[in-house]
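Observations on the three-dimensional arrangement
Below, each chain spelled out in residue letters.
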Amino acid sequence: MHACIKKRIEPRDLRLDSQNGVDPAVARRTTPSSSFSSVVREVMVGTSMQKYLCSALEPLLRRVVREEVDRRLTHHLGQLPRSPQLQTPSLQLIFTSPLSLPIFTRGKIKDKDDNPLQIQLVRCQSGPSSIISIEPPPRVEIVVLDGDFPFNDDDNWTPKEFSSHVLRERKGKRPLLVGECRVTLRQGMASIQKLEFTDNSSWIRSRNFRLGARVSPGSYEGVRIKEAITERFTVLDHRGELNKKHFPPSRHDKVWRLKNIAKNGKFDARLAFAGITTVQDFLKLSVANQQRLRQILGQGMSEHMWNETITHASTCNIGDELYLYHGEFGTVVFNPICQVWGVMVNGLTYALEQLTPQHAIDLQMLIQNAYQNWNQLEEIDGASLIRATEAQPSSSVMIPDELHGIEASPSTVPMEMGL
C-alpha cells in the first residue's frame, strides 16, 4: 500500500519545478481554459459588430449599387440604335427663357428676366418664332427630371426614356413640385404663374434637377410632340435664401447682403452698432468718411475683402433723388449716397471743377454736416433739377463774389466728392 501511494506521489512530485514549484506542462494545460473563454467572447463581440455594420451599411450599399446599375443601363440603352419605325418628331415644346438661378425651396420659379415661365409649341429645328397652334388645345404637364438626363446631353430621347427619369417626392414628403403643374396650350403658348419646389436636390446622386414639360396623356392625339427640358440646376433649402447676396444690391437692402458681410456676423454687428444697417448707409459713409468706415470694420476685413465689398456695393442703383443742404455760400446738392452733385447759387446750378484749398476745406465740412444731419436734408425731384440745369444759358459764369472766391463753371453732371 505504501508502495502504491509512493507511486502516486512520485509522478506529482516530479512535476514540481525547482524554481517556482510548478511544472510548466501543468501550467500549459490549465491556461487554455481562460484563453478559450476570452476567444469566445471576442468572437461573439466581433460577430455582433459585423451584424450591426452589415445592417447599417446594407441600405446605403443597395442604393449606391442601384444608382450605378441604373446609370450604366441608361448609358448602354443610349448607345443602342433607335427603332427604325420611330419617327423623328416634327413638333416640340420649349421653355422660352433660361431659369432665374439660384432656386430655393418655397420660392417662386421664374425665368432669368424675373418673369413667369413660358412654354411654346414650335416646329423642331425652327426656333421659337414659329409658334404652332393646335385645336383643341392640349394640356401640358410640368415634371421634375433627374439632372443627369439626358445622358451626354443627347436630345434624341424617346417618350419612354423621358418618363423613366421623372422624379417623385421622397417617402413621407409633399409632392416635389407644387403650383401650376398642368397648363393648357392656347394658341401654342402657356404661362406658368406659380411653381415651386418643396424639397432640395441634395438627395439624388446628380444633386441636380431639370424641369420638363410633356403633353398630358389623353389630351392630344396626333404626331408626337417632343418634350421640353430646362438646363440642369441645384435646388437649395429656402433657409439659405435668407442669407443670400443680391446682385446688384438695392440701396434699401440690409448691409449683410454685401459680399464678405455675414448676417449677424462680426462685421454686421459692428456696422449695426454704428448705425449702418443698409447698403445706402454703407455707401454714404464710404463717401463722407471712408477712413471711419474702415475703422468700424476693423482689421478683420483685409484690403482684398474691402475692395470686393465696396465694388459690390458700388453696383447698387442709387436712384434719381437729390437732396439739398443749405450752407453759407450756397446750397449743396447731394445724390442719395452723399456724393456732391453740384452747388446752387442765385438759382443756377454749378458743378465743382476748381476750388481754392480753403474752399475745398469748407466744402468738406459741409459734406460732414450734411451726412450727420441727413434726415434734415430737403429731398427734391432730380429729373426736374436736371432739366432746369440743362436750360441754363451756356454762357453762365459763376461770379466769384457769389461763392466767396470759389471758381466754377456751369455743368449738368454731378461732381463726386469723397473724403
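Up top is the structure.
Residues numbered from 1 in each chain as written. Predicted model: local features only at pLDDT ≥ 70, side-chain atom pairs only at ≥ 80, totals over all residues. Heavy atoms only, no water.

**A few points about the overall build of the protein**
- Counting its regular elements, the protein contains 11 helices and 18 strands.
- Burial analysis of the protein (419 residues in total) assigns 36% to the buried set.
- Sequence-distant contacts, at least 24 apart, represent 66% of the contacts inside the protein between residues at least 6 apart.
- Working note: accessible area of the protein is about 25300 Å², and carbon and sulfur atoms make up 53% of it. (Helix = DSSP H or I, 4+ residues; strand = E, 2+ residues; numbered from the N terminus. Buried < 20%, exposed > 50% of the residue type's maximum accessible area, 1.4 Å probe, protein only. Contact = heavy atoms within 4.5 Å. Areas by Shrake-Rupley, 256 points an atom, 1.4 Å probe, with all protein chains shown as cover.)

**With respect to unusual backbone geometry**
- Geometrically, the link from Glu135 to Pro136 is a cis peptide bond, its omega value of -10 degrees lying close to zero.
- The residue Pro136 is located in the loop between strand 3 (117-123) and strand 4 (139-146) in this model.
- Backbone torsion omega between Phe149 and Pro150 reads -5 degrees, so that peptide bond is classified as cis.
- If you trace the backbone, Pro150 turns up in the loop between strand 4 and helix 4 (159-164).
- Positive phi outside glycine occurs at Asn260, with the angle close to 70 degrees.
- Residue class for Asn260 comes out partly exposed when judged on its relative accessible area of 27%.

**Details of the sheet that holds strand 10 (residues 225-226)**
- Reading across from one edge, 7-3-1-10 is the order of the 4 strands in this open sheet, with mixed pairing throughout. Pairing within the sheet leaves two strands with one partner each, and these edge strands are strand 7 (189-192) and strand 10.
- Two elements, strand 1 (residues 91-95) and strand 3, share 5 bridges in a ladder whose sense is antiparallel. Counterpart to Ile94 in the pairing with strand 3 is Gln120. (Pairing = 2+ DSSP bridges.)

**Some details on the nonpolar core**
- Ranked by internal contacts, the top residues of the largest apolar core, which has 34 residues, are Leu93, Phe197, Phe209 and Leu211.
- The set of elements that each furnish at least two residues to this core consists of strand 1, strand 3, strand 4, strand 7, strand 8 (195-197) and strand 9 (209-215).
- Residues Leu258, Leu271, Leu285 and Ile296 belong to the second largest nonpolar core, which totals 21 residues. (Core = buried A, V, L, I, M, F, W, Y, C linked by side-chain atoms within 4.5 Å.)

**What about helix 9 (residues 303-314)?**
- The terminal C-alpha atoms of helix 9 lie 16 Å apart, and with 12 residues this matches the ideal 16 Å at 1.5 Å per residue to within 8%.
- Buried within helix 9 are the following residues: Trp306, Thr309, Ile310, His312 and Ala313. The arc enclosing the buried residues of helix 9, seen along the axis, measures out at 160 degrees, which places them on a common side.
- Looking at the packing, one finds that the buried side of helix 9 touches helix 7 (279-288) and helix 8 (290-297). (Expected span 1.5 Å × (residues − 1). Arc of directions from axis to C-beta.)

**As for the environment of Gln125**
- Tracing the backbone shows Gln125 in the loop between strand 3 and strand 4.
- Remark: the alpha-carbon pair of Gln125 and Ser90, spanning 35 residues in sequence, is separated by 8.5 Å.

**A closer look at the pattern of salt bridges**
- In the structure shown here, the tally under the stated rule is 11 salt bridges.
- Across the pair Asp148 and Arg205 runs a salt bridge, and its minimum N-O distance is 2.6 Å. Of this pair, Asp148 sits in the loop between strand 4 and helix 4 while Arg205 is found in the loop between strand 8 and strand 9, placing the two residues 57 residues apart along the sequence.
- Asp148 gets classed as partly exposed once you look at its relative accessible area, which sits at 28%.
- Across the pair Arg224 and Glu227 runs a salt bridge whose closest N-O atoms are separated by 3.1 Å.
- Looking at Glu227, the relative accessible area reads 8%, which means it is buried.
- Linked by salt bridges that have partners in common, Glu141, Arg182 and Arg214 make up one network. (Salt bridge = Lys/Arg side-chain N within 4 Å of Asp/Glu carboxyl O.)

**What to know about the sheet that holds strand 11 (residues 228-229)**
- Strands sit in the order 6-4-9-11 across an open sheet of 4 strands; the sheet is antiparallel. Each of the sheet's edge strands pairs with one partner strand only, and the pair in question is strand 6 (182-184) and strand 11.
- With 3 bridges connecting them, strand 4 and strand 6 associate as antiparallel partners. Bridging across to strand 6, Val140 finds its partner in Val183.

**Description of the packing of aromatic side chains**
- Per the counting criterion, the structure on display carries 9 aromatic pairs.
- Ring centres of Phe197 and Phe209 lie 5.5 Å apart, and the angle between their planes is 25 degrees; on these two criteria the pair is classed as stacked. Taken together, the residues Phe197 in strand 8 and Phe209 in strand 9 connect sequence positions 12 residues apart. As far as the burial class goes, Phe197 and Phe209 line up, both buried.
- Each ring, one from Trp203 and one from Phe209, has its centre 6.3 Å from the other, and the planes form 65 degrees; the classification is edge-to-face.
- Through a chain of ring-to-ring contacts, three or more aromatic side chains come together here, namely Phe197, Trp203, Phe209 and Phe233. (Phe/Tyr/Trp six-rings, centres within 6.5 Å; stacked < 30°, edge-to-face > 60°.)

**Digging into the environment of Leu121**
- When you line up the elements, Leu121 lands in strand 3.
- A C-alpha to C-alpha distance of 6.5 Å links Leu121 and Met189, two positions 68 residues apart in sequence.
- Excluding residues within four positions of it along the chain, Leu121 makes contact with Leu91, Gln92, Leu93, Ser130, Ile131, Ile132, Ile134, Leu185, Gly188 and Ile225.

**As for the packing of helix 7 against helix 9**
- Helix 9 packs onto helix 7 with a crossing angle of 115 degrees between their chain directions and a minimal axis gap of 10 Å. With respect to each other, helix 7 and helix 9 are oriented roughly perpendicular. Helix 9 is crossed by helix 7, and the crossing has left-handed handedness. Contacts between helix 7 and helix 9 involve Phe282, Leu283 and Ser286 from the first element and Trp306, Thr309, Ile310, Ala313 and Ser314 from the second.
- Partitioning the contact of helix 7 with helix 9 into residue classes produces 5 nonpolar, 3 polar and no charged. (Axes fitted to C-alpha atoms, helices over the stretch in contact; angles between N-to-C directions. Parallel < 35°, antiparallel > 145°, perpendicular 65-115°, else oblique. Left-handed = near helix turned anticlockwise from the far one by under 90°. Nonpolar A, V, L, I, M, F, W, Y, C, P; charged D, E, K, R; others polar.)

Function cannot be read off these values alone, since they describe shape.
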